[in-house]
Amino acid sequence: MSDKNVNANIEMKELSFSEAIREAMVEEMRRDPGVFLMGEDVGVFGGVWGVSHDMLDEFGPERVRDTPISEIAIVGTGLGAAMVGMRPIVEIMFGDFLMCAGDQIANQVAKARFMSGGKADVPLTIRVTTGAPGSSAAQHSQSPESWFMNVPGIKIVTPATPADAKGLLRTAIRGADPVLFFEPKMLYADKGAAPDDPDFAVPFGEARVAREGRDVTVIAVGIMVKHALAAAAQLAEDDISVEVVDPRTLVPLDKKTLIDSVAKTSRVVVAHEAHLRSGPGAEIAAMLAEEAIEYLDGPIVRVGAKNVPLPYNPALENYVLPDASDIVRALKSFWGKA
Amino acid sequence: MSDKELTSYSKDFLAELFRKMVLVREFELRAIEERRNGLIPGFIHSCVGQEASAVGATAALTQEDVITSTHRGHGHLLGKGGDPKYMMAELAARSTGYCLGRGGSLHLADFELGILGANGIVGGGIPIAVGAGLAFQMRGEKRVSLSFFGDGATNEGAFHEALNLAGLWSLPVIFLCENNLYGEGTPQDQQAPIADLAKRAESYGFPGEIVDGNDVLAVYEATKAAAARARAGEGPTMIEAKTYRFRGHYEGDPQIYRKPGEMAEWRKRDPIPNFRQRLLDAGLFDAEALDEIEADVQADLDEAVAFAESAPAPKPEEALAGVYAETHDGLIF
Ligand SMILES: Cc1ncc(C[n+]2csc(CCOP(=O)(O)OP(=O)(O)O)c2C)c(N)n1
Ligand SMILES: [Mg+2]
């Protein structure tokens, strides 16, 4: 890992993506009494994804709060508590349910600081799951990362490794701006090494080069980083050297690292699990077209879900969703091997 | 127990209530089994234990009336006349299923039967039911719209906005809350400061009634009265059916949240054996007649599973069909 934020003296610890998130929450709650967690089934049940298991035992029901099924109230009360000095972490069980709280997010949370002439600090972290866990159909499978990219005022964070999950979540909790923090359901069990340091944080706006390469860049979001690495390994067998870049935060977007990579490779694929139309890749591709066109030897190729609601049937779902083979196909298209 | 004499109902009607409740329970158990066998790829939220509210409420509706349902909706569908064959095929993700395999358990629907859809969004169906009621009122139709939802859903904004509007416009809607004491892993008493959710209706200007949700006839009578009110232009009613789910929120749920002894108490109130015993005690049926009904249900379910198994899997490209009415030569994708 070429992460300049990792202090060489600090031990690394193997942990799952889910444990990494839990650790960041637990460490921040120990450190700062203003940090608390609330959401549906986060307490007794430990979160439907198990992320907050046993946190109730350590922190009690005041700080690990089970809420009613009330997404508007969950996000809205998070905002109110943040405005008066708390640092709430609120959990929305599925990204699909963000729209239930859509007004609070788009019209209240994101705009509170600006509309108040900068009076409001909004240290609110909205943790939310993203992606298709398999045959969960159209209302439990979406990847809504870009839904709120069009709303200025909220930061959008997309970790792809346990270390980044831990470090980015810490930055979110300690920051003064609201954050939508997207956790890919299908990464929760994945393991990786993260610094065993209660102050380890990954700053926003710094992309990570997940694999260095010469011939083509894949800019991959969330779970697609994993698929892009698999695709890169496959293309290495054909002597095609693929660079994989993980933006880590979509808002703010580290343009420089993305452009530098494209300047080196002169070819680029942008991959995400979200639907293609107006997905995160639309913004990234437009940015590259504006600021990096002179480096490019071919079109900017996007990989994403087909513009169809997620189907229940596994074969249909596979057809709609992108995976490593779609990235391989996109990469090979540069050499006419599609 | 509803206080009306059993003998005031026709035998056929009582037999049908019994058959439907058995069908709902056995459908659920079969679906759970077929999920284990790999026929069904997705999650199932079963309504085992809650058959009486689903069957009693739908029995009070006509074919022209409509319902909206929930993630725990198989009973609602079967009550409203849903065909177990097409339901099982949908759960098995086949193109012969109710939603061509695209929806699964969470999105089962049959508009011809007035089933406007299960829902993956808690509370999502409640405003939809109000909209159907609005249309019936505007067109002067004597139809009724009934929305099923759980106790947890009454804490969603959608619930409150929908009830207020229905009360304000005096719409022909029945709000049928199945209070099974839990929303996922969180007990109802941790989700709302009141235990009797029917009280919420009062603040929207219409009656809210509590019934024993495990007594199929009690639910039927309450729904029948509410439907009569709605058809007479007297506006909405909320019915809170107190009930209990016997299985996990979803299959595989560790159920760590149950209160000690609670399950055993509710098992005594299992709606199906209790109704069966009542039918026997009243001397209306002998055991063989009821056994035969149960056997018929099993045969129907064997057929449903066979239908699902033999159905062709949809072709992947079929995913593109049915997103829009008009695709502008595919340009829309
Ligand atoms: C808007 C929304 N929030 C949360 C969920 C997750 N969820 C699914 S079912 C459920 C519990 C619903 O409880 P209740 O309304 O009482 O119905 P029950 O499951 O008990 O039948 C929850 C929280 C969801 N599907 N939709
Ligand atoms: Mg419930």
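Since the model is a prediction, treat every value here as computed from it, not as a measurement.

Draft legend 1. Broad picture of empty space enclosed by the protein. All names here are of chain A. Here the structure, examined in full by the defined rule, presents 2 cavities of 30 Å³ or more. Its boundaries defined by the atoms lining it, the largest cavity holds a volume of some 80 Å³. Thr130, Gly131, Ser143, Glu145, Pro184, Val221, Gly222, Ile223, His272, Glu273 and Ala274 together form the lining of the largest cavity. In terms of residue count, the dominant contributor to the lining of the largest cavity is strand β13 (residues 268-275) (3 residues).

Draft legend 2. Highlighting the coordination of the magnesium ion (ligand 2). Residue and element names in this part refer to chain B. Protein coordination at the magnesium ion (ligand 2): the donors are Asp151 (OD), Asn180 (OD1) and Tyr182 (O), at 2.0 to 2.1 Å from the metal. Written as a sequence motif, the donor residues of the magnesium ion (ligand 2) are D-x28-N-x1-Y. With Asp151 in the loop between β2 (145-150) and α6 (157-168) and Asn180 in the loop between β3 (173-179) and β4 (182-183), this residue pair connects regions lying 29 residues apart in the sequence. Taken as a pair, Asp151 and Asn180 share a single burial class, namely buried.

Draft legend 3. Summary view of the interface of chain B and chain A. Taken together, the contact between chain B and chain A spans 42 residues of the former and 34 residues of the latter. Our count for the chain B to chain A interface comes out at 0 salt bridges. Across the contact surface, chain B and chain A share 14 residue pairs in polar contact (both at pLDDT 80 or more). Grouping the amino acids of the side of chain B that touches chain A by side-chain chemistry returns 20 nonpolar, 14 polar and 8 charged.

Draft legend 4. Seen up close, the packing of helix α4 (residues 84-91) of chain B against helix α10 (residues 287-310) of chain B. Residues and elements named next belong to chain B. Look at α4 against α10: their axes get within 8 Å of each other, and the N-to-C directions meet at 45°. What the angle tells us is that α4 and α10 run oblique. The interaxial crossing formed by α4 with α10 has right-handed handedness. Of the residues in α10, those touching α4 at Pro84, Lys85, Tyr86, Met88 and Ala89 are Leu301, Glu303, Ala304, Val305, Phe307 and Ala308.

Draft legend 5. Quick peek at unusual backbone geometry. Of note, the amide linkage connecting Val251(A) to Pro252(A) takes the cis form, showing an omega dihedral of 0°. Inspection of the secondary structure puts Pro252(A) in the loop between β12 (249-251) and α8 (255-265). Positive phi values are uncommon outside glycine, yet Asp329(B) reaches one of about 55°. Structurally, Asp329(B) is set in the segment after α10.

Parameters and conventions
Residues numbered from 1 in each chain as written. Chains lettered and ligands numbered in written order. Predicted model: local features only at pLDDT ≥ 70, side-chain atom pairs only at ≥ 80, totals over all residues. Heavy atoms only, no water. 1 Å grid on protein atoms, 1.4 Å probe; cavity = no way out; pocket = protein on both sides within 12 Å on 5 of 7 lines; lining within 4 Å. Points joined across faces, edges and corners; volume = space filled by probe spheres on them. Helix = DSSP H or I, 4+ residues; strand = E, 2+ residues; numbered from the N terminus. Donors = N, O, S within 2.8 Å, 3.2 Å for Na, K, Ca; no water. Buried < 20%, exposed > 50% of the residue type's maximum accessible area, 1.4 Å probe, protein only. Contact = heavy atoms within 4.5 Å. Salt bridge = Lys/Arg side-chain N within 4 Å of Asp/Glu carboxyl O. Polar contact = N/O pair within 3.5 Å; in protein donor to acceptor, adjacent residues only side chain to side chain. Nonpolar A, V, L, I, M, F, W, Y, C, P; charged D, E, K, R; others polar. Axes fitted to C-alpha atoms, helices over the stretch in contact; angles between N-to-C directions. Parallel < 35°, antiparallel > 145°, perpendicular 65-115°, else oblique. Left-handed = near helix turned anticlockwise from the far one by under 90°.

Honestly, that's just the spatial picture; any functional story needs more than this.
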